[in-house]
Structures are given as structure tokens and as C-alpha cells.
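Summary of structural features
If you want the building blocks of each chain, they are given just below.
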Amino acid sequence: MTVDTQQEVEERVHWLPMIAAISSISVVGIAIGLGMPLLSVILETRGHSASMIGFNTAVAGLASIAGAPLATPLAMRFGVARTMLAMIATGVLAFVGFHFAPDFWMWFPLRVLLHIALTVLFILSEFWISTSAPPHRRGLVLGIYATVLSLGFAAGPWLFAQLGSAGFLPFGVIMALVTLAAIPVLAARNESPTIVSNGETSNFLRYIWLVPTATAAVLVFGAVETGGFALFPVYGNRIGYSEADAALLLTMIGLGNVLLQIPLGMISDRVNDRRYLLLACATIGLAGTIFMPHFAQNWHLMAALLFVWGGVVAAMYTIGLAHLGSQLSGHDLASANAAFVLCYGVGMVLGPQAIGIGMDLFGPSGFGWALGLFFAFYIALVGARLIRKIL
């Protein structure tokens, strides 16, 4: 094989495995978007308190943190495609189990099993996508992934509104959707990447520090997304918005997330060092939190701000993942992907707590102050690393 032919092979997008990974995880996204409100509504109709429902839901974040280190060892032992298929089957069984579990305590092990399976599935899907995309198109491919996944999450609540929570029907639909996710993985199983041990036995947590610009980006995104979405309706109510107006503003954040990932991913493919773009995203995120109180009196200005803010902040996940893929490969990339998802889970735990405490201490302005602290932390981290590079 000539050098030119080899380079052409390396630069070609491997469409079948990429489509398999994106479509399978996006179908799972629809199931999650449908399943999360479904489970909460069922628990409420059974008479459980909001705090207990929240406690059961919070187990998901802890399960994600616990499940992340399992992804690479499982994929090394059984293969990426086989592990993904096993996690799909585990997820189906766990979710259907909620319908047949009569006692509340049973929902805790089911929630753990479900979210460990989903965590491993997400890690291996993102690893597969990163290895299938050539370096000069990695941002574009991951932008497509983030866009399709966001559409899947958005479609879930709409589907829930059509199906309701009564009977087995919504569980049957979820079972069918997640089973469909196995088809593209089966079709591309012969092209799934192989993870070979690098011979090192170092701690899994070392991968958090190996590419800290990427892992810190997803931690900040997880904190801002989870905490911001959970408490924005409360913030909106306290600054005078109706419930409907606050919900529409959340929709604008989601639209920005969907529409801006591909163009921002394409931009990331054209910069030599994605850390500068991540720094720009965090700076825009910080600026957005500063301007929010000043735009609050005009709904349309607030909507425009949140559209841009939501898309740019979400790009910290997309570009962070692309940066991770550009720095590592093979076993290291698979383990770093697991650390990436673990940091997202940590952000899910930290964000709502920090923003809630901020609003309790400082009123509505505490919402922006808490968000701003996450962005300021990230700006300081990336700035320090870039200065060290220059010096």
C-alpha cells in the first residue's frame, strides 16, 4: 500500500460503524427521554413523596459514576459490539422490571442496573464514533452525534405525552425502541474497534488528569446542564416569568443545543488547538450568566441569549470529546472516554447542589453566580494550561 493510499484510508469516514453507534445510542436517548418522566409519574401515583422520588432518581448519577470504570475492562474481554449488545439487553430487562416490581425498594437495584448499562453503552458508543471519524472531521462527526442524541432526548417527552403512564404500553414501546437499537450494532459488529491492553495497571482515575481540559469541560457542562435545567423554572418564577414562559425559555436552550453543535463541531475541525475554542465557549458561558439578569425584563432578548448560550455551552461536551479523541487512541482513548462520562456524572451531582445553595443564600441572583463559578473555574484551568504551553 502506498503512502497516499494509506493516508486516504485513514482520512475516510467509516460510515457504517459511525451510523451504527449514533443511531443505536440515539434510539436509547428517546427511550431515556420517555422513561425518566414515566417512572417519576408512576411513583407519584403510587403515593411516594417528591423527596423519595428524587432520591431514587439521584441513584442514576451514582450508578453512572460506579459504572464508568467497567466499560473498558468489559470491552477488552468481550469486544465492543458484544458488550454494547449485552448492555442493551440489560437495559431492556431492567426497564421492564420497573413495571413488574411491586415494592419501592426494588426500584433502587433496578435503577442501578439500568444506569450502569446505559453508562457503559454511552462510553463505548462515543469511543466507537471517535475511532470511526478521521481527525480532520472528528468535530463534525461528534457534532452530528450530539445533534441526533439531543433530538432523541427531545422526542422522548413528546412520546410520553402521547402514550401516558397507564398500563404496560409505554414500557412495551421502550422495550421495542431499545431492541431496535441493537440492529445497527449487529449490522456493524465486524467493524467494531478492538481495545488492546497497553500493559499498564495504573489507576483508572489517572485518565481524568491525562487530558484535564476535556474532562473538566464535561464536568462543567454536566453541572450547568443538570443544575440549570432543574432549577431554571424556579429561577424564572422568582424573577417574574410564568410557568409557560419559563418552559419556553428552556425550549430555546434546547434548540440552541440542537442547531449549533454541527457548525461548532466543524469550526473545531479547523482550529489547531481545540483548547482555545473550549476557552471561548466557557467565556461566552460566563458572559451569558452575567447578562441574564439584565435581559430578564425582555422575554425575546432573554430567549435569543439563551439560544446562543445553550448551544455554545453544550458545545463544551462536543468539542471536549473531539479534543479527547485527538489526544489519545486505543486503550487510552477507551479509558479516557470512561473518565469523561464519569466526570459528567460528577457534574450532575455537583450542579444542582451548588445552584440550589446559591439561590438559597443570594436569592435569584444566586442562580447566575453559581453557574458563573463553574465557568470561571474552567477558564482559570484552561488559561493556566495554555500559558504554561506558551512559556
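Residues numbered from 1 in each chain as written. Predicted model: local features only at pLDDT ≥ 70, side-chain atom pairs only at ≥ 80, totals over all residues. Heavy atoms only, no water.

1. Observations regarding the domain arrangement of the protein chain
Interface extent is often summarised as the accessible area lost during association of the parts. Segmentation of the protein chain into domains returns domain 1 (14-194) and domain 2 (202-390). The centre of domain 1, based on its C-alpha atoms, is set 22 Å off from the matching centre of domain 2. On the domain 2 side, the residues contacting the 25 residues of domain 1 number 29 residues. At the junction of domain 1 and domain 2, the tally comes to zero salt bridges. Along the contact surface separating domain 1 from domain 2 lie eight residue pairs in polar contact (both at pLDDT 80 or more). The element that contributes the greatest number of residues to the side of domain 1 that touches domain 2 is helix 7 (residues 138-163), accounting for 11 residues. Taken together, the residues of the side of domain 1 that touches domain 2 sort by class into 13 nonpolar, nine polar and three charged. (Domains from an automatic or database assignment. Contact = heavy atoms within 4.5 Å. Salt bridge = Lys/Arg side-chain N within 4 Å of Asp/Glu carboxyl O. Polar contact = N/O pair within 3.5 Å; in protein donor to acceptor, adjacent residues only side chain to side chain. Helix = DSSP H or I, 4+ residues; strand = E, 2+ residues; numbered from the N terminus. Nonpolar A, V, L, I, M, F, W, Y, C, P; charged D, E, K, R; others polar.)

2. Observations concerning the environment of A187
Note that A187 resides in helix 9 (residues 182-187). Each C-alpha atom of the pair A187 and A81 lies 9.9 Å from the other, and the pair is 106 residues apart in sequence.

3. Regarding the pattern of salt bridges
If you walk through the whole model with that rule in mind, you get two salt bridges. Among the salt bridges present, the one from R274 reaches D269, with a minimum N-O distance of 2.9 Å. D269 matches R274 in its accessibility class, with the two residues each being buried. With a shortest N-O distance of 2.9 Å, D273 and R275 are connected by a salt bridge. Take D273: its relative accessible area is 12%, and that puts it in the buried class. (Buried < 20%, exposed > 50% of the residue type's maximum accessible area, 1.4 Å probe, protein only.)

4. Overview of helix 12 (residues 243-269)
Over its 27 residues, helix 12 runs 40 Å from end to end, which matches the ideal 39 Å to within 8%, given 1.5 Å per residue. Where helix 12 bends most, at L260, the angle is about 45°, and the proline P263 comes one to four residues later. Looking at the buried positions of helix 12, the neighbouring elements they touch are helix 7, helix 11 (212-238), helix 13 (274-295) and helix 14 (299-327). Among the residues of helix 12, the N-terminal cap falls to S242, whose side-chain oxygen and the backbone nitrogen of D245 are separated by 3.1 Å. (Expected span 1.5 Å × (residues − 1). Bend = angle between axes of the 7 residues up to and from the residue.)

5. What to know about the packing of helix 6 (residues 107-132) against helix 7
Two numbers describe how helix 6 lies on helix 7: the axes approach to 10 Å, and their chain directions differ by 145°. Note that helix 6 runs across helix 7; the crossing there is right-handed. Here helix 6 contributes F122, E126, I129 and S130 to the contact with helix 7, which in turn contributes R138, V141, L142, Y145, L149 and F153. (Axes fitted to C-alpha atoms, helices over the stretch in contact; angles between N-to-C directions. Left-handed = near helix turned anticlockwise from the far one by under 90°.)

6. Observations concerning the side chain of R274
Counting through the fold element by element, R274 comes out in helix 13. If we skip the residues at most four places from it in the chain, R274 touches P135, R138, G139, S268, D269, I319, A322, H323 and S326.

7. Observations concerning empty space enclosed by the protein
Scanning the model with the defined rule gives one cavity of 30 Å³ or more in all. Put simply, the largest cavity is a space of about 120 Å³. Forming the walls of the largest cavity are 16 residues, and the residues nearest its centre are V28, G91, L114, L118 and V178. Listed by contribution, the elements that provide at least two residues to the lining of the largest cavity are helix 2 (15-45), helix 5 (80-100), helix 6 and helix 8 (169-180). The biggest single contributor to the lining of the largest cavity is helix 5, with five residues. Here the lining of the largest cavity is built from residues that sort into 15 nonpolar, one polar and no charged. (1 Å grid on protein atoms, 1.4 Å probe; cavity = no way out; pocket = protein on both sides within 12 Å on 5 of 7 lines; lining within 4 Å. Points joined across faces, edges and corners; volume = space filled by probe spheres on them.)

8. Quick word on the layout of surface pockets
Taken as a whole, the second largest pocket holds about 250 Å³ of empty space. Along the wall of the second largest pocket there are 18 residues; nearest its centre are W128, S130, T131, S132 and P193. With four residues, helix 6 is the single largest residue contributor to the lining of the second largest pocket. When the residues that make up the lining of the second largest pocket are grouped by side-chain class, the tally is seven nonpolar, nine polar and two charged.

9. Considering a nonpolar patch on the surface
A contiguous nonpolar patch, built from I357, L361, F362 and W369 and spanning about 520 Å² of accessible area, is present on the exposed surface. With three residues, helix 15 (residues 330-362) is the single largest residue contributor to the nonpolar patch. Turning to its location among the elements, I357 is positioned in helix 15. (Patch = residues over 30% accessible without salt bridge, like charges linked within 9 Å, V, L, I, M, F, W, Y side chains within 5 Å. Areas by Shrake-Rupley, 256 points an atom, 1.4 Å probe, with all protein chains shown as cover.)

10. Considerations on the environment of A354
Relative to the helices and strands, A354 resides in helix 15. What makes A354 partly exposed here is its relative accessible area of 29%. Setting aside its immediate chain neighbours within four residues, A354 contacts A370 and F374.

11. Here we look at the packing of aromatic side chains
We describe a pair of aromatic rings using the distance from one ring centre to the other and the angle between the two ring planes. What the rule picks out here adds up to 12 aromatic pairs. Joined through ring pairs, the aromatic side chains of F95, F98, W107 and F171 make up one cluster. Over the ring of Y207 we find R206, and its NZ or CZ is 4.9 Å from the ring centre. (Phe/Tyr/Trp six-rings, centres within 6.5 Å; stacked < 30°, edge-to-face > 60°. Lys NZ or Arg CZ within 6 Å of the ring centre and 35° of its normal.)

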